[in-house]
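Report on the structure
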Amino acid sequence: MSLSAANLPTLPRLPSTVPRSGVSDVARLALRQLLGDIARQLADAFRAGAKVESLLAARSDAVTRIVAHVWNACVGDPPDLALYAVGGYGRAELFPFSDVDLLALCEMSPQASTLRALESFFTCLWDVGLRPGHALRTLDECRKLAAQDATIYTSLLDARRIAGAATLDAGLASLLDDEKIWPRPAYLAARRADREHRHVRFDDTAYNLEPNIKEGPGGLRALHLIHWLGKRLFGATGFSTLAQRGMLSVAEAATAEHAQKLLQRIRFALHLAAGRAEERLLFDYQRTLALQFGFIDEHRQNLAVEQFMQGYYRAAIALERLSAQFLRRCEEALDPEAQLRTRRLSLDFISVGDRLDCDPPDLFLQRPAALIDLFRVWGENPEIKSLRADLVRRIDDALAHWGDALMADDDVNLAFARLLRRGAVAVEALARMNHYGVLARYLPAFGRVVGRMQYDLFHVYTVDEHTIRVLRNVARFADASASAEFTGAHELWARLSKPELLLLAALFHDIAKGRGGDHSELGETEAREFCTRLRLPSADVDLVAWLVRRHLLMSVTAQRQDITDPEVVHRFAAEVADWERLDYLYLLTVADISGTSAKLWNSWKDKLLADLYINARFALRSGLERVPHADERVRECQQLARALLQAQGIDDATVAPLWADFPEESFLRFSAEQIAWQTAGIARAGSAEPLVLIQAQGSRGGTEVFVHAADRDGLFAAITAVLDRMRLSVLDARVVTSRSGMSLDSFLVLDSEGHALTDPARIARLQRALTQALGQTPYHVDLVARASSRSLRHFPIATRIEFSPQPVRGRTQVAIVCADRPGLLAAVAQLFRERRIRVHDARIATFGERVEDFFLISDEHDMQLDATACEALRSALIHLLDAPREQHGAA
């Protein structure tokens, strides 16, 4: 279906002369109604499948007729004044809620009567609902401003006269053709700088969860950049013309046109869905647009919205790659002398200026393994900044020529294996292979996850982007400074006998995402087949396959179980089985978690994984047949803590009565440093209670909060309510009661940014708030309801409650999986209080919008919950967690 002006409603007639009051109210209302009719007609046509380029042109034409009509009525036809459409309107690309950018251009400063007419004109456009962006300038002013600002000059490139004197066209054309105003090299540099600035605003990636489809990397601005540079530098007005002049290949022009149609269609739909000029592809609209574009859920791991967004991301990354390549081609065209500065780097590759090229030109068609060697040679020559634009074109041609035959070619596989054996240096080569599309073509399984997003807030990046970030984290381990952020990572990296195996595990760990089934199991199969194709020894193949299959083992163990429990460590160590696997798994886990989201990695996770690694290594060295006895661990903890206390001047006579009140559980669950800190605090406080101690940088990688108060009902709820009001996240809670009925509770907390508390004033406020709350009898819980963030509302998580008896400890473990919300932990704690449930331990974890909390609980008599009590608690929790979020804050 196509639209033209002939399909649109007839414009109402406006009076040829306008009274002082301007266009009549009746006429303005008629124009507003007309615009509404046009908008509805275009929206209906879009939903019926009309071509988006026809709709954009139709709206532009309709608006032009209205604007010209109002101009004639308000301004008339003065000989030295003209009206130009600029920006997107000048290109005849008006989306449903685009601004209408106008330039009133005159030979000289207008008279007062003309100014009044223009004021009436622009006011009328606002009244009828056009929202014009407008400027009034003389030709001299235009020239001066354009010379100062490349953005203004660029807006004039798209200028199109829609009313007024044609005599001004020549003056505007002269301005644009003047080589003194933004000479071609200067204009190219300005547009490159603008592109880089925009990229910084969007984290230099096209893979944002809520991408800006206009300004973001790979958005419509990338197309506009090619359009502007083509017009200014080469006088080309379209992609096909650029292809005719050799600045784009035919395939590249087709890629640009495909991306343009897709992005324009998405932007048109987004404006309609939002009812405003929304350029961000927000979660609010992604599902709606996915269905509108015809996608359906295939299974839980391939949702319609994920398929839709993968299509967008692939178009965006292809467009971003093309725009970067076009920039390089422009630079080469403007600096022909640089093409004469050549240097041979190897038998097959040369440098041309600071760019890489191959020799002979048909190298990749003769020897496909050179497609891998190319990136190795680039990495060996850091002075090379990029690839020659024509080399990129030859890479694309070779990839299309060889297709799937690449992965079956023995020489290609040997070249890839050689690259991997370079260790950390190989990572940048892999990232570049991904950028230029070589990795996806060589590894079709990887190609399937390019642009593959997961519709949640935990996985911030697409699978391919995440994989590259994991690989880059692995490369960081080669730097000695890495151990400051990742405990022991550099030392372990140096000890690896074959670092390339870790690179392979990182490359394949998520390669089967989105297929349905267990991606770890499917990825293991892919990894095993590929490693065999590389002709790795069977032991190496088994190690890589095991790492891919069990890449979540350490993360899950550390974050969901009590790693101070020797049984937990023993089970983990038994599954790992040997020290070599443990080293590789630790490094892979650290790289994976820190590569998932910039906000996910923190000092607590670093300490948690390091502790599990150290304890598991000790278990492997000691022999898995023996779990350390509790009495041995208690004696060791007390011995170390006593030495620390003596160093502080606290003698055994002071310590002995305090420790007599500590249950054995304290010395099993807390480190010697924690026991010494708690003991010293209690000793110095004397009989004063409640006692609140805060250690800004605790030994567990966060801020440690210790509470010594009467262990009455509601204590846990009161503490968590205060922490929630202070906007602190509880990562771990260890709840212990002394023999005399006093709490020995410890909470590990971080601020909303995932950092330990450093502000002394904030720490003091927290201490005062807790002391005040715990000084009340009975404990008072004041829950604060807060609205959930906009993004959280779009990710419904089915609430799941699971109970596991812990007979050895006389407790019941309850696992809660649900959607996150502010105040969630405090609300759950209050529910436990109301049902007389005692909390003995808590493991708190949030993965994006998903909460996975584990509590060790008992009834008020310190007994396990029976089946009836579990079912009653399950019902109460589900009622709480599934209630409307506004009822008790959002999650």
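Residues numbered from 1 in each chain as written. Predicted model: local features only at pLDDT ≥ 70, side-chain atom pairs only at ≥ 80, totals over all residues. Heavy atoms only, no water.

**Overview of the side chain of R811**
You can see R811 is positioned in strand β14 (residues 811-819). One buried charged side chain, R811, makes no salt bridge at all; its nearest oppositely charged neighbour is E665, positioned 4.7 Å away. Excluding anything up to four places from it in sequence, R811 contacts P805, Q806, H840, L856, I857, S858, D862 and Q864. (Helix = DSSP H or I, 4+ residues; strand = E, 2+ residues; numbered from the N terminus. Buried < 20%, exposed > 50% of the residue type's maximum accessible area, 1.4 Å probe, protein only. Lys, Arg positive; Asp, Glu negative; His and termini not counted. Salt bridge = Lys/Arg side-chain N within 4 Å of Asp/Glu carboxyl O. Contact = heavy atoms within 4.5 Å.)

**Some remarks on the nonpolar core**
Residues V67, L102, F121, F364, F416, F477 and L504 are the most contacted members of the largest nonpolar core, which totals 223 residues. The biggest single contributor to this core is helix α13 (residues 304-334), with 13 residues. Beyond its immediate sequence surroundings of up to four residues, F416 is in contact with I372, L430, M433, L439, Y442, L507, F530 and L534. Of all hydrophobic cores here, the second largest spans 57 residues; its members include L728, I816, A842 and A876. (Core = buried A, V, L, I, M, F, W, Y, C linked by side-chain atoms within 4.5 Å.)

**Let's talk about the environment of A400**
As for its position among the elements, A400 is in helix α16 (residues 389-402). By relative accessible area, which is 59% here, A400 ends up exposed. Along the primary structure A400 and F530 are separated by 130 residues, whereas in three dimensions their C-alpha atoms are 21 Å apart.

**Topic: the pattern of salt bridges**
Across all of its chains, the model carries 65 salt bridges by this definition. Residues E332 and R388 are paired through a salt bridge, measuring 3.9 Å at the closest nitrogen-oxygen approach. Linking E332 in helix α13 with R388 in the loop between β8 (386-387) and α16, this pair joins segments that are 56 residues apart in sequence. Take E332 and R388: they sit in the same class, and that class is buried. A salt bridge links D652 to R642; the nearest nitrogen and oxygen atoms lie 3.4 Å apart. Note that D652 is positioned in helix α32 (residues 652-661) and R642 in helix α31 (residues 630-647), a separation of 10 residues in sequence. Take D652: its relative accessible area is 38%, and that puts it in the partly exposed class. Overall, the relative accessible area of 29% leaves R642 in the partly exposed class.

**Let's talk about the sheet that holds strand β5 (residues 342-344)**
In space, the 4 strands of this open sheet follow the order β5-β6-β7-β8, with mixed pairing throughout. The sheet terminates laterally at β5 and β8, the two strands that pair on one side only. On the sheet, helix α15 (residues 370-380) packs against β6 (349-352), β7 (355-358) and β8 and is oriented at approximately 50 degrees with respect to β6. Contacts from α16 reach β7 and β8 within the one sheet, and its direction differs from that of β7 by about 45 degrees. (Pairing = 2+ DSSP bridges. Axes fitted to C-alpha atoms, helices over the stretch in contact; angles between N-to-C directions.)

**With respect to the packing of helix α1 (residues 25-47) against helix α11 (residues 250-274)**
Viewed as axis vectors pointing N to C, α1 and α11 meet at an angle of 125 degrees, and their least axial separation amounts to 11 Å. Between α1 and α11, the interaxial angle falls into the category oblique. Along this stretch, α1 crosses α11, giving a crossing that reads as left-handed. Seen from α1, the contacting residues are L42, A43, F46 and R47; seen from α11, they are R265, F268, A269 and L272. (Parallel < 35°, antiparallel > 145°, perpendicular 65-115°, else oblique. Left-handed = near helix turned anticlockwise from the far one by under 90°.)

**Considerations on the confidence of the model for the protein chain**
Confidence in the prediction for the protein chain averages 89 pLDDT; 93% of positions are at 70 or higher. With pLDDT under 50 throughout, residues 14-21 is counted as low confidence; its partners more than four residues away or in other chains account for 13 contacts. In this model, residues 885-891 is a region of pLDDT below 50 whose contacts with residues beyond four sequence positions or in other chains number 28 contacts. (pLDDT = per-residue confidence, 0-100.)

**What about unusual backbone geometry?**
Here the amide bond leading from D359 into P360 is cis, since omega sits at 15 degrees, within 30 degrees of zero. Here P360 shows up in the loop between β7 and α14 (363-366). Of note, the amide linkage connecting T777 to P778 takes the cis form, showing an omega dihedral of -10 degrees. Turning to its location among the elements, P778 is positioned in the loop between α36 (760-774) and β13 (800-806). With a phi angle near 60 degrees, A92 is a residue other than glycine that sits in the positive phi range. With respect to the helices, strands and loops of the structure, A92 is situated in the loop between α3 (87-90) and β2 (100-106). When its relative accessible area of 27% is taken as the criterion, A92 is described as partly exposed. For R131, which is not glycine, the phi dihedral falls at a positive 50 degrees. Relative to the assigned elements, R131 resides in the loop between α4 (112-127) and β3 (132-138). Look at R131 and you get partly exposed, because its relative accessible area is 39%.

**Description of the packing of aromatic side chains**
The geometry of an aromatic ring pair is captured by the separation of the ring centres together with the interplanar angle, meaning the angle of the planes. Taken as a whole, this structure holds 23 aromatic pairs when the rule is applied. Ring plane angle 55 degrees and centroid distance 5.4 Å describe the contact between F486 and W601, whose orientation is recorded as tilted. Linking F486 in the loop between α22 (463-476) and α23 (489-495) with W601 in the loop between α29 (579-594) and α30 (603-622), this pair joins segments that are 115 residues apart in sequence. In this structure, F486 and W601 share a single accessibility class: buried. Ring pairing ties together the aromatic residues F416, Y442, F508 and F530, which thus form one cluster. One Lys or Arg, R432, reaches over the ring of W378 and ends 3.9 Å from the middle of that ring. (Phe/Tyr/Trp six-rings, centres within 6.5 Å; stacked < 30°, edge-to-face > 60°. Lys NZ or Arg CZ within 6 Å of the ring centre and 35° of its normal.)

**As for the sheet that holds strand β1 (residues 81-85)**
The strand order β3-β2-β1-β4 describes an open sheet built from 4 strands, whose pairing is mixed. With one partner strand each, in any of the chains shown, β3 and β4 (160-164) form the two edges of the open sheet. Within the sheet, the average angular offset between the axes of one strand and its neighbour, ignoring direction, is 25 degrees. As paired elements, β2 and β3 share 7 bridges and run parallel to each other. Bridge pairing in β3 places V100 opposite P132. Across the sheet, helix α7 (residues 168-177) touches β1, β2 and β4, and the angle it forms with β1 is around 55 degrees.

**Here's the deal with α31**
Across its 18 residues, α31 extends 26 Å between first and last C-alpha, which sits within 8% of the 26 Å expected from 1.5 Å per residue. Listing the buried residues of α31 in full gives R633, V634, C637, A641 and L645. Around the axis of α31, the buried residues are gathered within 95 degrees of arc, so they sit on the same side. What points out from α31, more than 90 degrees from its buried face, is the exposed set R635, E636, Q639 and A647. The inward-facing, buried residues of α31 abut α28 (566-576), α32, α33 (664-669) and α34 (672-685). Positive backbone phi, approximately 85 degrees, marks G649, located one or two places after α31. (Expected span 1.5 Å × (residues − 1). Arc of directions from axis to C-beta.)

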